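Descriptive analysis of the structure
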Amino acid sequence: MSSTTEQATGARTWSVAEHLDDILTAVQPLEPIELNLLDAQGCVLVEQVTVPVALPPFDNSSMDGYAVRAADTERASEASPAVLTVIGDVAAGSSGTELTVGPGRAARIMTGAPLPPGADAVVPVEWTDGGTGAGPARTMAPHSASPQGSGGQVRVHRPVTPHAYVRARGGDVCAGDVALEAGTVLGPPQIALLSAIGRPAARVRPRPRVVVLSTGSELAQPGEELAAGQIYDSNSFALAAAAKDAGAIVYRVGAVTDDAETLRATIEDQLIRADLLVTTGGVSVGAYDVVKEALTAVAEEEPGEPDGEPDEATEGAVGEDAERAVHRAHVDFRTLAMQPGKPQGFGTIGPDRTPILTLPGNPVSSYVSFELFVRPAIRAMMGLADLHRPVVRATLLPPHGAGDEEPAPLTSPEGKRQFLRGAYTGGERPEVRPVGGSGSHLIGALAHADALIVLPETVTEAAWGSEVEVVLLG
């Protein structure tokens, strides 16, 4: 929109930062819940977790071998091995108290088994003859197949020091230690620790449930036959995948036709399972921009007080109209000073004031809009501290295949923040090259990009070799 048109209509153009700040101010972290450990993966812990018992809870062997008194092996060598009497086996899962290792004695012990009383070290089986009377053993004979295994004698060819190959009780963490701080994101190592200290669940902020739907009568689903004038729906798949990548639980809804009543009914049906709604398409100024029509109509038609209670005019209403009377929509459709992605919408809908972000319909516009606005909103709802993609500086180089003649510099409209697809190369001197043209429909180029080149509102031309801001997508 030109400045003249803006002055004539009174419309306001929002900056990218203003729109994002408005979203993040309105979006709140979800209430904490208790989740089973695997369901809590990727979520933010909301409480400090302390260790109830030492880890490991008892002295145990780190090797398959023989539990011994270290003093009995101090003179052991290949030429003159220490000969010890084997008194039995200590297996993982046993109490470790069935046997007592006295002077000149040894017990076969398995990895993870408790160190029996009297023993203060473990000799790896490879340092012994394995009870066979032959040379160094490579493995320990199975308990069921070794008549000499849990009895007889074993020859030890190398000495061990006290505590050798013994995992000490509390050597990992001690009872009362802080295992994890509140605010920790639970990845596989953190889940391993929680399970190791006996926690079956964790109190976390859950993943938001995000419903993604695209609009447009021209959209067919992949696998269907294309009719004349139709294209395949890619936006809902791209945005659903992006929401999943951001950490959300995602529900993708098939494309909705360009009919306001159908769209409103679809959105109302989805509210029951949505913490956040994301639509794509139908937010510009065309005659068939159904999202704008449907949600503007809801806001204009809904009577009642601002707190959501129906007034006298709606108390006697029944059926679909009554349901809509409480399912209010407060969506602000905006013009942003950015390219692509100028038309945007944000607000709330339904009795629970569910946040809704309405994105433009061109594939690149919708994806760039998701990265800038929806991804941070999802991560804020999860309670994550790091909301944004990494931003770096890199040297701008011409696109691959530009030929010997240097192409014209990149240009950008004055007053708009432009986001161009790029291929990024890191290292000591990071570089980035444009991928494809600037058209917001060029999804083929998007598939080969791993970064966005950012040209600020004050930049109208970026020369090759200059340094630019880059948003890393991968």
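Keep in mind it's a predicted model, so treat the numbers as computed, not measured.

Bringing the nonpolar core into the picture now. Core analysis: the largest hydrophobic core is formed by 41 residues, its most contacted members being Phe 373 and Ile 378. For this core, the secondary-structure elements that each account for two or more residues are helix 2 (16-26), strand 14 (209-215), helix 4 (235-246), strand 18 (276-280), strand 22 (354-359), helix 8 (363-381) and strand 27 (451-455). At 11 residues, helix 8 tops the list of elements feeding residues into this core. Looking at this core, you find at least three residues from each of domain 1 (5-30 + 207-381) and domain 4 (391-472).

If you trace the three strands from one edge of the open sheet to the other, you get 2-13-3, paired in antiparallel fashion. Looking at the sheet topology across the chains shown, the edges are occupied by strand 2 (33-36) and strand 3 (44-45). Relative to strand 13 (residues 201-205), strand 2 runs antiparallel, the two being bridged by four bridges. Looking across to strand 13, one finds that Glu 34 is bridged to Arg 203.

So, about the sheet that holds strand 1 (residues 13-14). Spatially, seven strands are ordered 1-19-21-22-18-14-17 in an open sheet, and the strand pairing comes out mixed. With partners counted over all chains shown, the strands left at the sheet margins are strand 1 and strand 17 (249-256), one partner each. Across the face of the sheet, helix 4 comes into contact with strand 14, strand 17, strand 18 and strand 22 while running at roughly 170° to strand 17. Here helix 8 sits on the sheet in contact with strand 14, strand 18, strand 19 (329-336), strand 21 (343-349) and strand 22, set at roughly 165° to strand 22.

For the rest of this paragraph, the subject is helix 2. Along helix 2, the residues that are buried comprise Val 16, His 19, Leu 20 and Ile 23. On an axial view of helix 2, the arc spanned by its buried residues comes to 95°, and they lie on one face.

So, on to the environment of Glu 467. Of note, Glu 467 is situated in strand 29 (residues 467-472). Sequence separation between Glu 467 and Val 432 is 35 residues; the distance between their C-alpha atoms is 9.4 Å. What Glu 467 contacts, discounting residues up to four positions off in sequence, is Arg 393 and Ala 394. For Glu 467, the side chain forms a polar contact with the side chain of Arg 393, separated by 3.3 Å.

Turning next to the packing of helix 4 against helix 8. Between helix 4 and helix 8, the least distance of the axes is 10 Å, while the angle of their chain directions is 25°. In terms of their interaxial angle, helix 4 and helix 8 are classed as roughly parallel. Where helix 4 crosses over helix 8, the handedness of that crossing is right-handed. Listed contacts from helix 8 to Asn 235, Leu 239, Ala 242, Ala 243, Asp 245 and Ala 246 of helix 4 are Pro 363, Ser 366, Tyr 367, Phe 370, Arg 375, Ile 378 and Arg 379.

With six of seven residues buried, strand 21 lies mostly within the body of the structure. Relative to strand 21, strand 19 runs antiparallel, the two sharing seven bridges. Residue Asp 332 lies in a different strand from strand 21, and its bridge partner there is Phe 346. Inspection of the sheet shows strand 21 paired to strand 22 by five bridges, in the antiparallel sense. From the neighbouring strand, Gly 345 faces strand 22, where its bridge partner is Thr 358. Hairpin remark: strand 21 followed by strand 22, antiparallel, with four residues in the connecting loop; positive phi at Gly 350, about 90°.

Moving on, we get to the pattern of salt bridges. Across all of its chains, the model carries 16 salt bridges by this definition. With a closest N to O distance of 3.1 Å, Arg 12 and Glu 18 form a salt bridge. Among the residues examined, Arg 12 registers a relative accessible area of 44% and is labelled partly exposed. With a closest N to O distance of 3.3 Å, Glu 467 and Arg 393 form a salt bridge. Here the residue Glu 467 occupies a position in strand 29, and Arg 393 occupies one in strand 23 (residues 391-396), the gap between them amounting to 74 residues. Salt bridges sharing partners connect three or more residues here, namely Asp 245, Glu 371, Arg 375 and Arg 389.

Evaluation of the coordinates by the stated rule reveals one aromatic pair. Over the aromatic face of Trp 14 sits the side chain of Arg 334, whose NZ or CZ is 3.6 Å from the ring centroid.

Let us now look at the confidence of the model for the protein. Taken residue by residue, the protein gives an average pLDDT of 88. The fraction at 70 or more is 87%. Contacts from residues 1-10, a stretch scored under 50 in pLDDT, to residues over four places away or in other chains number six contacts. Note on residues 303-319: pLDDT under 50 across the span, and 19 contacts to partners over four residues away in sequence or across chains.

Quick look at the side chain of Asn 60 now. Mapped onto the elements of the fold, Asn 60 is located in strand 5 (residues 60-61). On the accessibility criterion, Asn 60 (4% relative accessible area) is buried. Side-chain polar atoms of Asn 60 contact the backbone oxygen of Phe 58, separated by 3.2 Å. Aside from chain neighbours lying at most four places away, what touches Asn 60 is Gly 112, Ala 113, Pro 114, Leu 115, Tyr 165, Val 166 and Arg 167.

Within the secondary structure, Gly 171 is located in the loop between strand 11 (166-167) and strand 12 (178-180). Counting along the chain gives 114 residues from Gly 171 to Pro 57, while the straight-line C-alpha distance between them is 9.1 Å. Residues contacting Gly 171, with those up to four places away along its chain left out, are Leu 55 and Pro 56.

With that out of the way, let us pick up unusual backbone geometry. Peptide bonds are trans in most cases, and residues, glycine excluded, mostly fall at negative phi. With an omega dihedral of -5°, the bond running from Leu 55 to Pro 56 counts as a cis peptide bond. Relative to the assigned elements, Pro 56 resides in the loop between strand 4 (49-50) and strand 5. The residue after Gln 339, namely Pro 340, is reached through a cis peptide bond having omega -5°.

Reading the values: the criteria
- Residues numbered from 1 in each chain as written.
- Predicted model: local features only at pLDDT ≥ 70, side-chain atom pairs only at ≥ 80, totals over all residues.
- Heavy atoms only, no water.
- Core = buried A, V, L, I, M, F, W, Y, C linked by side-chain atoms within 4.5 Å.
- Buried < 20%, exposed > 50% of the residue type's maximum accessible area, 1.4 Å probe, protein only.
- Helix = DSSP H or I, 4+ residues; strand = E, 2+ residues; numbered from the N terminus.
- Domains from an automatic or database assignment.
- Pairing = 2+ DSSP bridges.
- Contact = heavy atoms within 4.5 Å.
- Axes fitted to C-alpha atoms, helices over the stretch in contact; angles between N-to-C directions.
- Arc of directions from axis to C-beta.
- Polar contact = N/O pair within 3.5 Å; in protein donor to acceptor, adjacent residues only side chain to side chain.
- Parallel < 35°, antiparallel > 145°, perpendicular 65-115°, else oblique.
- Left-handed = near helix turned anticlockwise from the far one by under 90°.
- Salt bridge = Lys/Arg side-chain N within 4 Å of Asp/Glu carboxyl O.
- Phe/Tyr/Trp six-rings, centres within 6.5 Å; stacked < 30°, edge-to-face > 60°.
- Lys NZ or Arg CZ within 6 Å of the ring centre and 35° of its normal.
- pLDDT = per-residue confidence, 0-100.

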